[in-house]
Amino acid sequence: MWAQEIVAGRPAWRHTPSGVVFRAVPGGTFRMGLSEAELDAVRAIERVDGADDDLDAFFTSADRARPVREVRVEPFLIARHPLTVAQVRHWLPEYEDSFAESDSRTARLEDDLDDLLEVLPFRLPSEAEWEYAARAGTTTLTFRGDGRPDEDQVLDDFSDEERTAAAENAFGLAAMGSANEICADVWIPHFTDAPADARSRTGDGPRVVRGGGGDLSPWQGCDEWLLLLSATRDELQDFTAVRPVAPVPTH
């Protein structure tokens, strides 16, 4: 079921039936949410005219990713990148994606989402696990630092192994933030009373999505870069990508 190998110079686990590559994320604790330091970093970008427009709406909605709290995360496996069209077809052979230009691009699920989740032998990440994986030990806007991300950081096609490897963070994960990836949590517009561990918050209603910078590409100058930030969160509306997680194999 699982094979250990080296991918782009890093240890990886390959799910042999589907070929999906996973990375092992170590356990630990982190500060989850949009910190004051990150808000200051966004203000600094705005001050030097790095924003396309005024960011009042962003700052007004910042409480959706607050209060910041320390979260404890257990080790887990997470896919190196979102499932591609070809990978989704392993489980849904009839899957079609009008958005994707090739089978190596990120699959965006809409009407097919429930069908995929029913047959997928993995679970969705909690949003705590997703943010922990995206940060990869950093406390900055993205794992690259506090600078304004640009569209060159969006990765949507994984046919170029060299480019995919160059886009990885310290946990060996590529394209965190590029697609709006669904999490297991129900959407709650704040972190008040959220658990101090990585459990997902359950309930009825739309699910949380993280990321989405590539879903608006080519960018139109509407501050799409904010979707690449590690702490950016929203509720699922139309389509989503899937980056599954699994327990770390014991043998």
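The structure we're discussing is the one just above.
The residue count restarts for each chain, going from 1 along the sequence in the order it is written. Only residues with pLDDT of 70 or above have their local features reported here, since the model is predicted, and side-chain atom pairs are shown and tallied only from 80 upward, although totals for entire chains, interfaces and linings are computed over all residues. Only hydrogens and water are set aside when side-chain values are computed; all heavy atoms of the structure are taken into account.

Asker: I'm lost on the overall build of the protein in this one. Help?
Answerer: The helix and strand labels rest on DSSP assignments: H or I over at least four residues marks a helix, E over at least two residues marks a strand, and numbering proceeds from the N terminus. Within the protein, the regular secondary structure consists of 6 helices and 10 strands. When we talk radius of gyration, it's over C-alpha atoms, and the globule rule is simply 2.2 Å times the number of residues to the 0.38. Taking 251 residues into account, the globule formula puts the C-alpha radius of gyration at 18 Å, and the protein, at 17 Å, falls close to it. For the protein, the spread of C-alpha atoms along the principal axes amounts to about 50 × 40 × 40 Å. Only protein chains enter the area calculation, which uses a 1.4 Å probe; residues under 20% of their type maximum are buried, those over 50% are exposed, and those in between are partly exposed. Burial status across the protein gives 52% buried among its 251 residues.

Asker: Which parts of the structure should I look at to understand the sheet that holds strand β7 (residues 181–186)?
Answerer: Note: strands within a sheet are paired through backbone hydrogen bonds, in either parallel or antiparallel orientation. Within the open sheet, the 3 strands sit side by side as β7-β8-β9. Their pairing is antiparallel. Only two strands of the sheet have a single neighbouring strand rather than two, namely β7 and β9 (233–235). The average angle at which neighbouring strand axes cross in this sheet is 40°, direction not considered. In this analysis, strands are considered paired if DSSP registers two or more bridges between them. Axis lines are fitted through C-alpha atoms, for helices just across the contact stretch, and the angle between N-to-C directions can take any value from 0 to 180 degrees.

Asker: Which parts of the structure should I look at to understand the sheet that holds strand β6 (residues 76–79)?
Answerer: Spatially, the 5 strands line up as an open sheet ordered β1-β2-β3-β6-β10, and their pairing is antiparallel. Every interior strand has two partners, whereas the edge strands, β1 (2–7) and β10 (245–246), have only one. Pairing of strand β3 (residues 21–25) with β6, which is carried by 4 bridges, proceeds in the antiparallel orientation. Its bridge partner being in β6, Arg 23 is matched across the sheet by Ile 78.

Asker: When you look at the packing of aromatic side chains in this model, what are you seeing that I'm missing?
Answerer: One pair of aromatic rings is described through two measures. These are the centre distance and the angle between the planes. Stacked, tilted and edge-to-face are the three classes assigned to paired rings of Phe, Tyr and Trp, where Trp is represented by its six-membered ring and a pair needs centres within 6.5 Å; plane angles under 30 degrees give stacked, over 60 edge-to-face, the rest tilted. On inspection of all chains with the given rule, the structure shows 8 aromatic pairs. Judged by centre distance (6.1 Å) and plane angle (85°), the ring pair of Trp 91 and Phe 122 falls under edge-to-face. Within this pair, whereas Trp 91 is found in helix α3 (residues 85–91), its partner Phe 122 is found in the loop between α4 (113–119) and α5 (127–135), the two being separated by 31 residues in sequence. A single burial state applies to Trp 91 and to Phe 122, both of which are buried. Consider the rings of Phe 99 and Phe 239, whose centres lie 5.9 Å apart with planes at 35°: the pair is tilted. Here Phe 99, found in the loop between α3 and α4, pairs with Phe 239, found in the loop between β9 and β10; they are 140 residues apart in sequence, far enough to count as distant.

Asker: How should I be thinking about the nonpolar core in this particular structure?
Answerer: Taken as a class, soluble globular proteins show a tendency for nonpolar side chains to be buried jointly. Counting 41 residues, the largest nonpolar core has Val 42, Phe 58, Phe 76 and Trp 225 as its most contacted members. Elements with a minimum of two residues in this core: β4 (28–32), α1 (36–47), β5 (69–73), β6 and α5. The greatest single-element share of this core, amounting to 5 residues, is contributed by α5. Not counting chain neighbours up to four residues away, the residues in contact with Phe 76 comprise Arg 23, Ala 24, Val 25, Glu 129, Tyr 132, Ala 133, Val 245, Ala 246 and Val 248. Throughout this description, the term nonpolar core refers to a set of buried Ala, Val, Leu, Ile, Met, Phe, Trp, Tyr and Cys residues connected via side-chain atoms within 4.5 Å. Listed in part, the 24 residues of the second largest apolar core include Ala 79, Leu 113, Phe 122 and Val 242. Any two residues having at least one pair of non-hydrogen atoms within 4.5 Å are treated as being in contact.

Asker: Honestly, the environment of Ser 18 in this entry has me stumped. Any pointers?
Answerer: Along the polypeptide, Ser 18 turns up in the loop between β2 (10–15) and β3. On the basis of relative accessibility, which here comes to 15%, the residue Ser 18 falls in the buried class. The sequence separation of Ser 18 and Ile 182 amounts to 164 residues, and the corresponding C-alpha distance is 20 Å. If near-sequence neighbours (up to four positions away) are discounted, Ser 18 is found in contact with His 90 and Trp 91.

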